[in-house]
Amino acid sequence: LAQRFPLLREQQERAQAVAEAARATAEASRATPGTAPATGSRAMPAVAAAGGDRLVKTIEHYTFADGEDEVSFGVSFDTHLWDGASRYIKEEQVRVDSRATSLEIILVDVPVSDRSPEVLADWRLPLSPLFGRVEPTLTTRRVRNGKLTIKLAKSKAGAWKKGVK
């Protein structure tokens, strides 16, 4: 079939390349207890997305700050992803999906590590349910000095004990 349908062959090749990259990343990140992963990444290994043609990594660390009428979440690329990640991330790669009770941050096509800059993944930070409701239309984002800051306007003023329930 792949010979008759070039698009099918390309999809199979892409899926195979993603699977191989995920396998290589997983093997490289296995480290002995008490040591850092070999890839230099502070996150779990990349996994193939449901469609199989993209790698996905989870952003495991972030900052949270509470204000009277807004909250902010931050991701410092060099601290929360891996050393040197900020060199590979531009404003256009940042996707933010803000809803009344959830926030998802996606960094599109970012290398999995400095040792494998050719292996790209979508880094995701899903936050749900948020501690309180927010006004999604008032969400702002800013990328500056290697850090992403997302500000969310609270639906009701008041203190949040933490970012998510």
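Residues numbered from 1 in each chain as written. Predicted model: local features only at pLDDT ≥ 70, side-chain atom pairs only at ≥ 80, totals over all residues. Heavy atoms only, no water.

Visitor: Can you walk me through the sheet that holds strand 4 (residues 70–76) in this structure?
Guide: Pairing between the strands of a sheet comes from backbone hydrogen bonds, and it takes one of two forms, parallel or antiparallel. One open sheet accounts for four strands, arranged 3-4-9-8; its pairing is antiparallel. A single partner strand is all that each edge strand has here, and the edge strands are strand 3 (63–66) and strand 8 (134–144). Between one strand axis and the next, the sheet turns by 20° as a mean value, whatever way the strands run. One ladder, built from seven bridges, connects strand 4 with strand 9 (residues 147–154); its direction is antiparallel. (Pairing = 2+ DSSP bridges. Helix = DSSP H or I, 4+ residues; strand = E, 2+ residues; numbered from the N terminus. Axes fitted to C-alpha atoms, helices over the stretch in contact; angles between N-to-C directions.)

Visitor: Got a minute to help me understand the packing of aromatic side chains in this structure?
Guide: Two aromatic rings are characterised by how far apart their centres lie and by the angle between their planes. Summed over all chains, the structure comprises four aromatic pairs. Where Tyr-62 meets Phe-73, the ring centres are 5.9 Å apart and the plane angle is 55°; that geometry is what we call tilted. Within this pair, whereas Tyr-62 is found in the loop between strand 2 (55–58) and strand 3, its partner Phe-73 is found in strand 4, the two being separated by eleven residues in sequence. On the basis of relative accessible area, Tyr-62 is assigned to the partly exposed category, the value being 29%. We classify Phe-73 as buried; its relative accessible area is 1%. With centroids separated by 6.2 Å and ring planes inclined at 50°, the aromatic side chains of Phe-131 and Trp-160 adopt a geometry described as tilted. Of the two residues, Phe-131 sits in the loop between strand 7 (120–127) and strand 8 while Trp-160 sits in the segment after strand 9, which places them 29 residues apart along the sequence. Under the relative-accessibility criterion, Phe-131 is labelled partly exposed at 25%. (Phe/Tyr/Trp six-rings, centres within 6.5 Å; stacked < 30°, edge-to-face > 60°. Buried < 20%, exposed > 50% of the residue type's maximum accessible area, 1.4 Å probe, protein only.)

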